[in-house]
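Letter by letter, the chains look like this.
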Amino acid sequence: MTDDLYHRSTQYINGKLVPSHSAAKIDLVDPATEEIFGEVAFGDAADVDAAVQAAKAALPAWSALSPKERAAYLLKIADAYEKRIDQISEVVSKQNGTPIGLAKAMQGVVPANYRFFASLADNFEPEEYTATSAGDAFVIRQPVGVVGAIVPWNGPQPLIAWKIGPALVAGCTAVVKPAAETPLDAFLLAEVFDEVGLPPGVVNIVTGGRATGAELVKHPGVAKIAFTGSTRAGQAIAEQCAKDFKKVTLELGGKSAGILLDDVVLDDFKPFVMSALTPNTGQTCRALTRILAPRERYDEITDFIAETMASIPLGEPTNPSNFYGPLVNASQYERVMDYLKIAVDEGAEVVTGGGRPEGFDKGYYVAPTVFKNVTNDMRIAREEIFGPVIVVLPYDSIDEAVEIANDSDYGLGGGVFSPDEEKATEVARRVVSGTVAVNAAGCPIDVPFGGVKNSGMGRENGQTALDAYVEYKTIYRSPVKA
Ligand code: NAD
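Since the model is a prediction, treat every value here as computed from it, not as a measurement. Along each chain, numbering runs from 1 in the same order as the chain's sequence is written. This being a predicted model, a pLDDT of at least 70 is required before a residue's local features are given, and a value of 80 or more before pairs of side-chain atoms are given or counted; all residues contribute to the totals for chains, interfaces and linings. Processing note: side-chain calculations cover all non-hydrogen atoms of the structure and skip hydrogens and water entirely.

Section: the domain arrangement of the chain
Either an automatic procedure or a domain database provided the assignment from which the domain bounds are taken. When cut into domains, the chain gives domain 1 (10-252 + 455-474) and domain 2 (257-444). With centres defined by C-alpha atoms, the gap from domain 1 to domain 2 works out at 30 Å. Pairs of residues are marked as contacts when any of their non-hydrogen atoms sit within 4.5 Å. Across the contact, 22 residues belong to domain 1 and 26 residues belong to domain 2. Buried area is calculated as the accessible area (1.4 Å probe) missing from two parts once they are joined, with the contributions of both summed. Carbon and sulfur atoms supply 56% of the area that domain 1 and domain 2 bury against each other, a total of about 2,000 Å² over both sides. When the buried area of domain 1 at its contact with domain 2 is split by residue, Pro-99, Trp-153 and Ser-455 rank highest and sum to 26% of it. A pair is scored as a salt bridge if a Lys or Arg side-chain nitrogen falls within 4 Å of a carboxyl oxygen belonging to Asp or Glu. Our count for the contact surface shared by domain 1 and domain 2 stands at 0 salt bridges. Here a polar contact is recorded for every N or O atom pair within 3.5 Å, except that within protein the pair must consist of a potential hydrogen donor and a potential acceptor, and residues adjacent in sequence are included only if both atoms are side-chain atoms. Counting the contacts that link domain 1 with domain 2 gives 9 residue pairs in polar contact (both at pLDDT 80 or more). Each helix is a run of DSSP H or I of at least 4 residues and each strand a run of E of at least 2, with the numbering of both proceeding from the N terminus. Of all elements in the fold, only helix H3 (85-96) and helix H4 (100-108) reach the threshold of two or more residues within the side of domain 1 that touches domain 2.

Quick look at the pattern of salt bridges
Evaluation of the coordinates by the stated rule reveals 20 salt bridges. A salt bridge links Arg-115 to Asp-79, with the nearest nitrogen and oxygen atoms 2.8 Å apart. Here Arg-115 is found in helix H5 (residues 110-119), whereas its partner Asp-79 is found in helix H2 (residues 67-83), with 36 residues between them in sequence. A relative accessible area of 42% places Asp-79 in the partly exposed class. A salt bridge links Arg-84 to Glu-191, with the nearest nitrogen and oxygen atoms 2.8 Å apart. Here Arg-84 is found in the loop between H2 and H3, whereas its partner Glu-191 is found in helix H7 (residues 184-196), with 107 residues between them in sequence. Counted as one network, the salt bridges with shared partners bring together Asp-79, Glu-82 and Arg-115. Between buried and exposed lies partly exposed: a residue is buried under 20% and exposed over 50% of the maximum accessible area for its type, with that area taken using a 1.4 Å probe on protein chains only.

A short note on the sheet that holds strand S6 (residues 135-143)
What makes two strands pair is DSSP finding at least two bridges between them. The 3 strands lie next to each other as S5-S6-S22, forming an open sheet whose pairing is antiparallel. Here the strands that pair on one side only, and so sit at the sheet edges, are strand S5 (127-132) and strand S22 (470-477). Neighbour to neighbour, the strand axes of the sheet diverge by 25 degrees on average, direction disregarded. Where S6 and S22 come together, 8 bridges link them in antiparallel fashion. Pairing of Gln-142 across the sheet is with Glu-471, part of S22. Working convention: axes come from line fits to C-alpha atoms, limited for helices to the stretch in contact. Angles between N-to-C directions cover 0 to 180 degrees.

Take a look at the structure:
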């Protein structure tokens, strides 16, 4: 078979598309039509090994470049990526059902992400000389080695950038394992690497599923795993990395609380229903899916969110005016549908949605749904649903709002909304989470992002992004005794 945009039988190893060792295939299903439109190889242990060997071979020459020389490649990647935003967005949207307008917005920030990581080279000193209490020392920041970057399907390209950007500046080489649902855009990224002359083997790509990822995690040639995905997979990966004493960062799931203070102005809050509560049809790790509303405004807020969600255009991902699309695949669709049933069984009340939207016979569509009469012990308030499903809970005091927000197994995102920014910031300080937005949505690239509790370990992005990709080595000296 000859590779084309939607059909791939190769892996990207050592700067070339090479036939996959594994003959197993993954069918790619269009979530809007439920039709198979493409396929890729389901990479096996031999494919992973070939990619890791290529990354290992590329490591000495790559790590010998200066951080600024390495950063220069990221700047070129950013420029080349920028020219392909439309094409990459169309391929992402076809695979995961993200409506094209949002897909373009998500790819649109990727060049800025690469440029940000390149800028970190300006202050990255691989070696520092320092006096010690007993002589002097060289503190060397060495690249950790070959990085395994494993990403999910909901934001594949930004999440690859968040991993290989800092890895490459730090002097590491990498093997990327895209999600089974979104492997095709990774091949377009490989074309970007070729176009800018990234040395062969510096970034390799192996398509496949969970088993492929597991092979990468346990490969002895991989020094660090950078993972974004579900909490369950994160647990399995953490266990393996603990056995091997392998460095690991884990960006996992969430059930983040959005606290609306009693003075919230709903017209000001309205844009956040899209950007903070239900981005990517609710399939976003940081989405604020547990809304806490002051009891005296509970019905008003619940109805407002429900009406807003019901008015947001839903439909074919190819239509640029749609904001909600289908869910990514059949199992995600069934999972969300199950939660809609669980919610009602638990005694929650549907305010809007609650099933399949009318007029859609095909595709993994779920109507945007809001539940009221929810208590924080219900499964729909505790578990990550990963769909356009919002639960609204009442609170009687700020203390109670904070208590409910923190009564969660997760701690990835969070939000506080009020015209009184200082008051909202004080509430945000009390929320136990890796990030909390105040009248905002989407964490900027130049500050750390990550979670606590079941939402993960370690941080990506921000000024300290390179730390996850370096190992400190100290050479210390005592004055020679006469
Ligand atoms: P997933 O965990 O099933 O898969 C993610 C990636 O990991 C895929 O490439 C998959 O093939 C691979 N994988 C799965 N099990 C593995 C294992 N045992 N060993 C190695 N690799 C393995 O997640 P998903 O369904 O693709 O994505 C949705 C999840 O991702 C949600 O829970 C969401 O909250 C989370 N997510 C988190 C963030 C974040 O930054 N915290 C961002 C986006 C998505």
